[in-house]
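Overview (structure and organization)
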There are 2 protein chains.
Amino acid sequence: MLNDEPHVSPAVKQRVREAADALDYHPNVFAQALVRRKSNMIGLIYENPSPSYVVELQRGVLERLTGERYKLVVIPIRSVQEHAGEVVGMLRSAALDGVVLAPPASDNPIILNQLKDARILCARIAPTRLLDAAPSNLIDDVAAAREIADYVIGLGHREIAIIRGDPTHASTEARMLGYMQAFSKADIELRLERIEPGLFTFDSGLAAARDIFARGDRPTAILAQNDDMAVGAMMAAREFGLSIPDDVSVVGFDDSEVSRITWPRLTTVRQPVFEMAIAATEMLIAQLEDRDVMARITHPHELLIRESAAPPRSLG
Amino acid sequence: MLNDEPHVSPAVKQRVREAADALDYHPNVFAQALVRRKSNMIGLIYENPSPSYVVELQRGVLERLTGERYKLVVIPIRSVQEHAGEVVGMLRSAALDGVVLAPPASDNPIILNQLKDARILCARIAPTRLLDAAPSNLIDDVAAAREIADYVIGLGHREIAIIRGDPTHASTEARMLGYMQAFSKADIELRLERIEPGLFTFDSGLAAARDIFARGDRPTAILAQNDDMAVGAMMAAREFGLSIPDDVSVVGFDDSEVSRITWPRLTTVRQPVFEMAIAATEMLIAQLEDRDVMARITHPHELLIRESAAPPRSLG
DNA sequence: ATGAAAGCGCTAACAC
DNA sequence: GTGTTAGCGCTTTCAT
């Protein structure tokens with residue numbers, strides 16, 4: 001009766017509602033779920049490399065869920081790489097109607113397959129492979145990385161170091177490829193010792209940049225594969241008494257909040273994580289309600305020129 | 001049978017488990033919940049002023065929940081102040097076993113009362129009032145604020161501005177009180193125009209500090225009631241060409257991640273949000289499982305002296 | 001110890 | 001339209 005049935009007059013609805021309120025009646029969601037086979041809960045699956053990324057993600061999902069009857073269950077995975085086989089078991093015992101998959105889970109074939117077998121719907125954020133396996137929200141990582149590398153090269157830099165992201169995330173390779181395209185277009189040789197590993201965390205960026213600065217021939221610019229690592233690199237530069245961007249330029253990737261609160265503000269390329277999360281949630285809800293679903297959205301990226309990169313001093 | 005019954009031999013258990021795996025059997029959680037009247041889900045209720053605070057909070061809850069059968073449902077509230085009356089209705093329709101209450105919900109008498117009426121268990125983070133209404137995790141906000149103010153005054157500052165937190169959070173008043181105790185002990189007069197309102201956000205700190213710097217007589221130090229606002233104040237200082245800590249000292253409150261990634265690093269006073277969230281979740285689980293529950297834990301705070309505060313230039 | 005049966009609170013199908 | 005009933009998948013109780 002409370003479920004918006006078709007042939008009930010508004011007046012009656014109103015009275016029923018009042019009576020329900022008066023009796024403090026709340027339908028039992030388990031009984032409902034049991035018979036409807038629907039929990040009205042969705043999950044957000046993520047690993048934990050960059051807090052700012054996760055925050056944006058979750059904000060986006062919750063934004064789309066406001067006013068909706070769905071509740072959000074957060075499911076952090078220590079290491080998708082290691083626990084892929086167990087993830088779907090967890091999900092089905094949580095009885096979720098569907099899940100939003102953030103990287104690197106969104107790229108994991110084991111998870112994708114088991115999800116299909118378990119008939120759990122999903123929508124994905126930033127996958128790079130198997131794009132038709134499930135609805136996807138992407139940016140063009142290769143192009144975005146190429147553009148910011150182009151920009152840095154355009155400033156006159158030729159001695160450029162790179163801090164890579166987490167190797168278990170496919171976007172790390174994609175961004176690497178974009179950088180390399182820009183390098184080869186400009187005829188710059190990328191030396192192996194100029195590539196530092198990282199994990200998408202502030203600490204890993206700090207450590208990587210310390211390594212870079214501790215070595216003899218210092219680059220004039222650093223491309224970090226996300227903003228957290230870029231901010232770590234800025235910290236390392238300060239430790240070495242280098243000023244940014246005069247002594248060394250640093251650029252990031254993502255436009256996460258941290259890029260706007262540092263000084264100088266970080267030049268980066270925007271990935272609209274919040275909007276991607278909203279769109280992914282929309283795709284998931286559409287599936288749950290048997291509406292038409294977009295199979296794939298490529299979201300726009302945008303080079304954001306701020307103050308952390310400038311021409312190298314020799315050209316200054 | 002799968003529920004760890006007492007009189008079953010290990011061998012039988014093992015075989016049952018194998019059979020269950022082979023058939024890919026998963027118990028239906030709704031049927032269980034229906035008859036047991038227990039959902040194995042807990043909620044985290046928060047408002048959204050400072051992302052770094054929320055991240056720590058959620059990390060703590062999830063940390064305590066790893067390996068536990070409980071799932072976490074996140075419940076952001078736009079404005080606890082405005083929607084206190086509706087919160088508990090939402091919760092009971094979500095059928096949660098219990099909730100962790102972050103400020104300002106943890107201080108809200110309406111929510112606390114309705115929770116009790118609805119027999120939803122809870123544990124609280126950083127309440128300042130009604131401390132015996134439900135298990136509480138606190139720090140001594142007054143003492144912590146007094147200590148950091150003492151420190152700044154001890155550096156030689158006497159022209160000190162304050163950026164307040166969100167007025168709907170009770171800790172704002174508590175910290176204010178701590179500052180004032182330090183001021184009066186040092187015989188410093190606190191002028192009204194030296195108190196700027198804020199909302200615990202970076203942007204509000206930025207705006208508040210711009211106001212402060214735009215006025216004629218500039219303070220030599222700023223006490224911000226959390227780190228996000230302090231970092232906003234640092235940004236404003238840069239905009240005015242002021243260097244930190246030489247021209248102006250800035251200190252924060254919380255020791256959130258952002259305080260460690262700025263340059264100079266932020267002098268602040270640590271509130272162990274992560275540990276408080278773990279403890280609150282522990283208190284909640286203990287209640288759910290009828291174990292003894294600590295009624296209140298006062299967590300230690302700690303003054304963290306970093307580089308964003310120094311003696312005023314006149315003394316330098 | 002083992003098995004049968006009742007019932008948790010609701011929805012949907014079907015008769016009236 | 002309105003009232004009745006079966007049954008969702010499990011746990012628990014009560015016979016056996």
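Residues numbered from 1 in each chain as written. Chains lettered and ligands numbered in written order. Predicted model: local features only at pLDDT ≥ 70, side-chain atom pairs only at ≥ 80, totals over all residues. Heavy atoms only, no water.

As recorded by an unreviewed UniProt entry, chain A carries the name Alanine racemase and is attributed to Sphingomonas panacis.

**Regarding the overall build of chain A**
What counts here: Going along the chain from the N terminus, every DSSP run of H or I of four or more residues is numbered as a helix, and every run of E of two or more is numbered as a strand. Categorising residues by exposure relies on relative accessible area from a 1.4 Å probe, with only protein chains included: less than 20% of the type maximum marks a residue as buried, more than 50% marks it as exposed, and the intermediate range marks it as partly exposed. Working definition of accessibility: Shrake-Rupley area with a 1.4 Å probe, residue cover restricted to the visible protein chains. The charge count treats Lys and Arg as positive and Asp and Glu as negative. His and the chain ends do not count. To locate a charge, take atom NZ for lysine, CZ for arginine, CG for aspartate or CD for glutamate.
For chain A, the helix and strand inventory stands at eleven helices and twelve strands. Overall size of chain A, expressed as C-alpha extent along the three principal axes, is 80 × 35 × 30 Å. Out of the 316 residues belonging to chain A, those deemed buried represent 55%. When the accessible surface of chain A is split by element, carbon and sulfur atoms take 52% of a total near 13,800 Å². Averaging the positions of the 34 positive and the 44 negative side-chain charges in chain A gives two centres separated by 3 Å.

**A short note on the sheet that holds strand β7 (residues 195-196) of chain A**
Residue and element names in this part refer to chain A. For the record, the criterion: One requirement defines pairing of two strands: DSSP has to find at least two bridges between them. Whether two residues are in contact is decided by their heavy atoms: any pair within 4.5 Å suffices. Between N-to-C directions, angles span 0 to 180 degrees; the directions come from axes that are lines fitted to C-alpha atoms, helices contributing only their stretch in contact.
One open sheet accounts for four strands, arranged β7-β6-β8-β9; its pairing is parallel. Edge positions in the open sheet fall to β7 and β9 (249-251), since each of these has one partner strand only. Sitting on the sheet, helix α6 (residues 141-154) is in contact with β6 (160-163), β8 (221-224) and β9, with an inclination near 175° to β8. Contacting β6, β7 and β8, helix α8 (residues 202-214) crosses the sheet at an angle of about 150° to β6.

**Some points on the interface of chain A and chain B**
When the parts of a complex come together, some accessible area is lost, and that lost area is often used as the size of the interface. As a reminder, the rule being used: The term buried area means the drop in 1.4 Å probe accessible area that two parts suffer when joined, counted for both and summed. In the sections that follow, a salt bridge refers to a side-chain nitrogen of Lys or Arg positioned within 4 Å of a carboxyl oxygen of Asp or Glu.
Counting residues at the interface gives 41 residues for chain A, matched by 41 residues for chain B. In total, chain A and chain B occlude about 3,600 Å² of area from one another, counting both sides; carbon and sulfur atoms represent 72% of this. Looking only at chain A, the three residues that lose the most surface to chain B are F30(A), I261(A) and W263(A), adding up to 19% of its buried area. At the boundary of chain A with chain B, the tally comes to two salt bridges.

**A few points about unusual backbone geometry**
Residues and elements named next belong to chain A. Omega for the bond connecting P103 with P104 falls within 30 degrees of zero, at 5°, which places this linkage in the cis form. Its place among the elements puts P104 in the loop between β3 (98-101) and α5 (109-117). Residues I244 and P245 are joined by a peptide bond in cis, for which omega reads 10°. With respect to the secondary-structure elements, P245 resides in the loop between α9 (227-239) and β9.

**Regarding the sheet that holds strand β7 (residues 195-196) of chain B**
All names here are of chain B. If you walk across this open sheet you meet the four strands as β7-β6-β8-β9, and the pairing is parallel. Each edge of the open sheet is held by one strand with a lone partner, namely β7 and β9 (249-251). Judged from the four bridges that link them, strand β6 (residues 160-163) and strand β8 (residues 221-224) form a sheet pairing that is parallel. By the bridge assignment, I163 is partnered in β8 with A224.

**So, the pairing of β3(A)**
Residue and element names in this part refer to chain A. Residue alternation in β3 divides its side chains into two sets, G98 and V100 and V99 and L101, and both sets are buried. With four bridges joining them, strand β1 (residues 41-46) and β3 adopt parallel strand pairing. Bridge pairing in β3 links G43 to V99. Here four bridges tie β3 to strand β4 (residues 121-125), and the two strands are oriented parallel to one another. Looking at the pairing, V99 lines up with C122 of β4.

**Details of the environment of P300(A)**
Residues and elements named next belong to chain A. Examined against the element boundaries, P300 turns out to sit in the loop between β11 (296-298) and β12 (302-304). Assessed through its relative accessible area of 63%, P300 is described here as exposed. If we skip the residues at most four places from it in the chain, P300 touches I139, R270 and P272.

**So, the relation of the copies chain A and chain B**
Applied cut-off: Least-squares superposition of the copies uses the C-alpha atoms of those residues scoring a pLDDT of at least 70 in each of them.
When chain A is fitted to chain B, the best match, at an RMSD of 0.0 Å, comes from turning it 180° and sliding it 0.0 Å along the axis. Each copy turns onto its partner about a two-fold axis. In this assembly, 100% of the residues forming the interface of chain A have copies in chain B that are likewise at the interface, indicating an isologous arrangement.

**With respect to helix α4 (residues 80-94) of chain A**
For clarity, the threshold we go by: Here the expected span of a helix is defined as 1.5 Å times the quantity of residues minus one.
If you check α4(A), its first and last C-alpha atoms are just 18 Å apart, much less than what 15 residues at 1.5 Å a residue would give, namely 21 Å. Two residues or fewer past α4(A), A95(A) is found with a positive phi of approximately 60°.

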